[in-house]
Every structure is written in structure tokens, then in C-alpha cells.
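Topology and contacts: notes
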Amino acid sequence: MTWDQMRPLLEQGTIDTLYMTGWSTLIAVLGGLPLGVLLVLTDRGGPLRNAVLNKAIGVVVNVGRSLPFIILMVALIPVTRAVVGTAIGPTAAIVPLAIGAIPFFARLVETAVREVDHGLVEAAHAMGGGTWTVVLKVLLPQSLPSLVAGLTTTVIAVIGYSAMAGAVGGGGLGSLALVYGYQRFETGFTLVTVAVLVAVVTAVQLLGDGAVRLLSRRERAST
Amino acid sequence: MPAPGRAPPRAPAPDSDGIALITTSDLTKVYRSRGREVTALDGVDLHVRPGEVYGVIGRSGAGKSTLIRCLNLLERPTSGTVTVDGQDLTALAGRRAHRAGRPLREARTRIGMIFQHFNLLSSRTVQGNVELPLEILRLTRRERAAKALELLDLVGLADKARAYPAQLSGGQKQRVGIARALAGDPKVLLSDEATSALDPETTRSVLKLLRDLNQQLGLTVLLITHEMDVVKAVCDSAALMEAGRVVESGVVSELLATPGSRLAHELFPVGGALADDDRTVVDITFHGATAGQPVISQLARGHGLDVSILGAAMDTVGGRQVGRMRIELPGPVAANAAPLAFLREQGLTVELPGATAPAVELTGEGA
């Protein structure tokens, strides 16, 4: 396989991977952020303490986290078909990717938010703040660096999952490595695909680390 | 250590229970965990008058932290009532166990609170921290900025508005905490060990600020502390807590004149051995005018006694010169009736440490 043959494939694969990862991550944030925050708020000692709700969310998150992604993807085919109209292609892959990433991100959000000093929550309550004040003005801003670090981890995990989506016709770099590299014995192409994946993951990690550094700079004493 | 910047003391009316700004009655808090019950507050009655600085002192575990958290219902008392500025907060709390309803939240905006570890948001600037309560009060951006800068000016930090808390010293952080606590123009400021994380120098300057605010704004301050120096420096009244109960309370200057007062002993610990058969140990407390009198030398000359001073402490409490001294007179107590009577005549509080209270009285009467 020549570079001229590889190039359009790699370009399309990268675009597909970024497309799947982008949308899935966005949905994972929209779903995982409130779930993660709720896990903290409804826990013992939280302002919305509610053992039943806490357990229920915990179970949903744990089930989502423990299912191997490839099983989740196959199991969700009917749902995907209902939502997207097809179970094949990058757009179809977004559905299981997002559903798999929501509990993943939710746990990371929970960990990040739990680290916020309880004294700050108490201070907000003492000022007359309610639960919304606590969440929007204390918990989320204070845990922002950890949340961004969690987001980085989630994006990278989704990129990894998206390679598996290739196995059921999802497209993307993973699919390329499988179909062209493995099944056609194009070891060279496999290596190039892997190199591109590593480059994408590294770029995401560097970007995330940079953002975390920027956000936490103000919290360190600079005097 | 003279109290910094003290104006002459305002003598609080001795009988003014009716106008208390903060009242707790029979306040009880019981924690239950895994079948075990811990009583943190055991029937606390507190009366804090408007415009005074009231100190609650006790060792850790005495329940003072729980007490101050019950005053703005951060902790829900098990029973009893809390009234602040005529409003029964326990009634406002509503039935929902842990969420504060709107009436309670509105009441809290009028009660400032400062904390041992400052509890500032590291993600916000100094000004942003002071604006947080103003956001809760739904002020506009412009109003918030103006009010925040005004408050920072009041605590002497106008130039730090754009700094982040991590760039400030402990004392500056507590000043930001104070500015933030004053955002809702509260009548009451609750101080939860606000100086316990600060060095002595910084403690003094923060206490001076609290005293200044108390006098300039008529702010009533209730503080809890485990440091006697804090009570000496700023408190008009004080309560001593032990095992969830208030064991002694009152106006500090009056407590000092009360024989057997635990707080007086804690404020002015005087060392030295106790009496035995051939000597008499006497604790005397000077206050007000007597603090300036040469009482001891008069005693020595007038009664021809060799007076030894075993220990002494002098200080300014509530703006008045106060001191305690432990002296030793030769001979047993019975032989010293005349000198003891002389000391009492001078308006001093005279106690015989180690002797039981009735015995002291009998000895005194026999003179």
C-alpha cells in the first residue's frame, strides 16, 4: 500500500474518530456531570441526602461502568437503530459510545466534586445560599481543574472505545487498522494507523494538561 | 497585653435579659451514629446583648463548635430554640431535615459568619469572594462591585481586590472572610475560632478589627475560642463550656470580682503552693480603682507582716485594669483574720485557695 493510497483513508478515519469522540464526549458531559454531582449531593451528609436515589444512581453507574464496551455496543444496537435509523457508521457509533462514557465521566465528576472542602459548602450555606448556589458557585468552580483532568481521561477512553466501534462498522481509525491493516495483512498500514492514534491521544492529553495547569495556577501561592 | 484601640468601657446594664439579640433556650444537640448517642449540647441557655462581644470558651469537644453551628442552623438542634434579632430560627427551619427553606436562608443572609480556616473560594479573587453573598442577595454586577470594594476598604484590603486567596497571608485571608461576612449588613457576626489558625501578632490585629467593627457598626459578635487571651482582649461577656453545658457565664469584669469564678481563675492563673499549717495563701483580685492602690505594702506595714508574692498577673480586661495575685502570709489562717479583713475592706476579692468555701466565710466572719 502506497502513501498516496493510505492518505485519504487516514484522513477520513481521523475525521470519523474525532467526530465520534467529539459528540460522544459532549453527550457524556451533559449526562455525566449532573449524575456525578447528584451522587455527591444525595450521599450521606450531602445537602440533598437521599439514600434511595443515591443507591439507584450508583447502581446505574456501576452497571454502565462494568459492562465491557463491545457487549454494551452490541446490546444497544436496537436503541441505536431507533435513535439514528441505522446501526452502522460513525453517527450510529455515537449512541453506544456516549452511553458508555456517561457513567465513566460521572464517577470522575463524583471524585472531583467530593474533594471540594466541606468548609466551603458550609460557608455558602451560612451566607444563605441554597443547593444551586452550592453547586454552581462552589462545587463546580472549585473542582474545575479536576473536572477538566477527568474530561481529558474521558476523551481518551472514548477514543479507545471508538476503535472497538470499528468492529461493528463504526468507521474511524480503529476500523481502518482492523479492516485494512489486520484483515489484509498490511502491517505497515496498521503501524501508521497506530501512530496517528497515538498522536491524537497525545495531543488530547497535552491540551488537557495545559488547561488544568492554567486553571490551577491561580490556586497556588505565587508570592 | 493591653487591648488595642479600646474606648472606655460601655457598662452593660446588669439586668437586660429582655433585650438579648441572640437567645438560646434549653438548646440540646444529640448525635446518633450506629446506635450510640453523643450529647454535644446539653440544655444551653445563652443571652447575648446587642452591641457586645460575647466569647464562648472551652476545650475542644466541649460543644462550642456545635453551639455556634446551631445558632444559624447549620446544625439542626435536637431540641430547644434559637432566637436571633427577635426571629425564632428554629421555627423557620421547617420540617425538611437537612435542606434550608427560603425563610431560613433569608435569615442567614443577615447573620455573618467567619471560620477558623477562612473558607475562601480559591477559584475566585478576593473581590469575587466578597461578591458571593451579594450574588446570593441578587444584587446587580455594578452594585456588587461597589459594595465589595467598600467592604474591602473597611477591612483594609482595598488594594488586594484582584488577588487570589492563595496570594494572601492568614491574617489577610481572615480579613477577606470578615468582609464577606459583612456583605449582608448583619447585626450579628459569628466567629468560629477565627483566630486559632493565626500567629499571636495577627490574632491581635484581627481581634482589633473585630473590636473596631463592633464599635463602629454596633455589630454584635459571638465568638468561640479555646484561647483565654481572646476573651481578655475583646470580650465584654463570656461563657465557659464544659461537656455540652455552660458552666459559668456573665460580664467578664463582674466575673472577675466573683469569688470562686472558674473563668476568673482561667483568665488569671496564678501559681504557687497552697496553704499548710504555718502559712496562709491568699488569692486577691484587684479591679477598677483598687488596681492602682499600694495595697500590699500597706498590708505589710500596717500589720507588720512579711508578705511573699507567689504569683501575679496584671492585664486590661474590658478596658479596665485587672489583676490577680497570690500572696503568702506567715501563720495559719486563723491567725490572719485581721489582715484578711483589711484586704476585704480595700474592696478586693479575697479567696483562700485550697480551703473549702464555707471555711473561708467562717474565718472571715470571725475577724
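Keep in mind it's a predicted model, so treat the numbers as computed, not measured. (Residues numbered from 1 in each chain as written. Chains lettered and ligands numbered in written order. Predicted model: local features only at pLDDT ≥ 70, side-chain atom pairs only at ≥ 80, totals over all residues. Heavy atoms only, no water.)

Secondary structure assignment for chain B yields 13 helices and 14 strands. Going through the 367 residues of chain B one by one, you find that 52% of them count as buried. Sequence separation of at least 24 residues holds for 70% of the intrachain contacts in chain B that already meet a minimum separation of 6. (Helix = DSSP H or I, 4+ residues; strand = E, 2+ residues; numbered from the N terminus. Buried < 20%, exposed > 50% of the residue type's maximum accessible area, 1.4 Å probe, protein only. Contact = heavy atoms within 4.5 Å.)

Moving on to the sheet that holds strand β9 (residues 237–242) of chain B. Residues and elements named next belong to chain B. Strands sit in the order β6-β7-β8-β3-β9-β10 across an open sheet of six strands; the sheet is mixed. One side of each edge strand has no neighbouring strand; the edge strands of this open sheet are β6 (111–115) and β10 (245–251). Mean inter-strand twist for the sheet, computed between neighbouring axes without regard to direction, equals 15°. Judged from the six bridges that link them, β9 and β10 form a sheet pairing that is antiparallel. Within β10, the position partnered with E242 by the bridge is R245. (Pairing = 2+ DSSP bridges. Axes fitted to C-alpha atoms, helices over the stretch in contact; angles between N-to-C directions.)

Counting 54 residues, the largest nonpolar core has L139 of chain A together with L46, V56, L67, L190 and L222 of chain B as its most contacted members. Here this core gets six residues from one element, more than from any other, and that element is helix α7 (residues 131–165) of chain A. With residues up to four places along the chain from it excluded, the contact list for L190 of chain B reads I68, L71, N72, I111, G112, M113, I114 and L222 of chain B. Among the nonpolar cores identified, the runner-up in size contains 51 residues, and I178, A181, A194 and A233 of chain B belong to it. (Core = buried A, V, L, I, M, F, W, Y, C linked by side-chain atoms within 4.5 Å.)

At the junction of the two partners, chain B supplies 25 residues and chain A supplies 27 residues. Buried area between chain B and chain A, summed over both chains or domains, comes out near 2,300 Å², and the portion from carbon and sulfur atoms is 59%. Summed over the shared surface of chain B and chain A, the result is two salt bridges. A salt bridge links K137 of chain A to E135 of chain B; the nearest nitrogen and oxygen atoms lie 2.8 Å apart. At the junction of chain B and chain A, the tally comes to six residue pairs in polar contact (both at pLDDT 80 or more). Looking at the side of chain B that touches chain A, the elements that each hand over two or more residues are α3 (102–108), β6 and α4 (126–136) of chain B. No other element matches the four residues that α4 of chain B contributes to the side of chain B that touches chain A. Among the residues making up the side of chain B that touches chain A, the classes are represented as 11 nonpolar, seven polar and seven charged. (Buried area = accessible area lost by both parts, 1.4 Å probe. Salt bridge = Lys/Arg side-chain N within 4 Å of Asp/Glu carboxyl O. Polar contact = N/O pair within 3.5 Å; in protein donor to acceptor, adjacent residues only side chain to side chain. Nonpolar A, V, L, I, M, F, W, Y, C, P; charged D, E, K, R; others polar.)

In this section: the domain arrangement of chain B. All names here are of chain B. We note that the domain assignment places domain 1 (17–110 + 186–256) and domain 2 (268–365) within chain B. Listed by partner, the interface residues are four residues for domain 1 and 10 residues for domain 2. Interface area for domain 1 against domain 2, summed over the two sides, is near 630 Å², with a carbon-plus-sulfur share of 61%. Taken together, the connections running from domain 1 to domain 2 amount to zero residue pairs in polar contact (both at pLDDT 80 or more). The element contributing the most residues to the side of domain 1 that touches domain 2 is helix α9 (residues 252–256), with three residues. (Domains from an automatic or database assignment.)

Turning next to the UniProt feature "transmembrane region" (unreviewed entry) in chain A. Residues and elements named next belong to chain A. As recorded in UniProt, the sites labelled "transmembrane region" (unreviewed entry) are residues 20–41, 53–77, 83–106, 147–168 and 188–208. The span residues 53–77 is 88% helix and 0% strand, and its two end C-alpha atoms sit 28 Å from each other. Counted over residues 188–208, helix gives 100% and strand 0%. Its end C-alpha atoms are 30 Å apart. (UniProt positions renumbered as here; feature names shortened; annotations may be inferred.)

What follows covers the pairing of strand β7 (residues 188–192) of chain B. All names here are of chain B. For β7, the buried fraction is high: five of the five residues fall into the buried class. Neither face of β7 is open: one carries V188, L190 and D192, the other L189 and S191, and all of them are buried. Across five bridges, the pairing between β6 and β7 is parallel. Note on β7: the bridge partner recorded for F115 is D192. Summarising the sheet, β7 and strand β8 (residues 220–225) pair through five bridges and their orientation is parallel. In the strand pairing of β8, S191 is matched with L223. Handedness of the β-α-β unit built from β7, helix α7 (residues 200–217) and β8 comes out right-handed. (Right-handed = clockwise from strand over helix to strand, strands pointing away.)

All names here are of chain A. Closest axis-to-axis distance for the α7/helix α9 (residues 187–216) pair is 8 Å, and the angle between their directions is 175°. With respect to α9, the axis of α7 lies roughly antiparallel. The residues of α9 that touch α7, namely those facing L144, P145, V148, A149, T152, V155, I156 and I159, are L197, V200, V201, V204, Q205, G208, A211, V212, L215 and S216. Per-class residue counts for the contact of α7 with α9 are 14 nonpolar, four polar and no charged. (Parallel < 35°, antiparallel > 145°, perpendicular 65-115°, else oblique.)

It is worth spelling out the UniProt feature "domain: ABC transmembrane type-1" (unreviewed entry) in chain A at this point. UniProt marks residues 14–208 of chain A with the feature "domain: ABC transmembrane type-1" (unreviewed entry), using the numbering shown here. Between the C-alpha atoms that bound residues 14–208 of chain A the distance is 19 Å, and the span itself is 82% helix and 0% strand.

Time to look at the sheet that holds strand β11 (residues 279–287) of chain B. Residue and element names in this part refer to chain B. Here we have four strands laid out as an open sheet, ordered β12-β13-β11-β14, and antiparallel in their pairing. In this open sheet, the two edge strands, each paired with only one partner strand, are β12 (308–317) and β14 (349–351). Geometrically, the sheet is characterised by an average inter-axis angle of 15° between neighbouring strands, direction not taken into account. Inspection of the sheet shows β12 paired to strand β13 (residues 320–330) by nine bridges, in the antiparallel sense. Its bridge partner lying in β13, V317 is registered against R320. Along the sheet, helix α11 (residues 295–303) contacts β11 and β13; its crossing angle with β13, the most-contacted strand, is approximately 25°.

Summed over all chains, the structure comprises 23 salt bridges over all chains. Two residues, R114 of chain A and E110 of chain A, come together in a salt bridge whose shortest N-O distance is 2.5 Å. A residue pair is termed a helical-turn pair when its members lie 3 or 4 positions apart in one helix, as R114 of chain A and E110 of chain A do in helix α5 (residues 90–114) at four residues. Judged by its relative accessible area of 39%, R114 of chain A falls in the partly exposed class. We classify E110 of chain A as buried; its relative accessible area is 11%. K187 of chain B serves as the salt-bridge partner of D85 of chain B, at 3.2 Å between the closest nitrogen and oxygen. With D85 of chain B in the loop between β4 (79–84) and β5 (87–88) and K187 of chain B in the loop between α6 (170–181) and β7, this residue pair connects regions lying 102 residues apart in the sequence.

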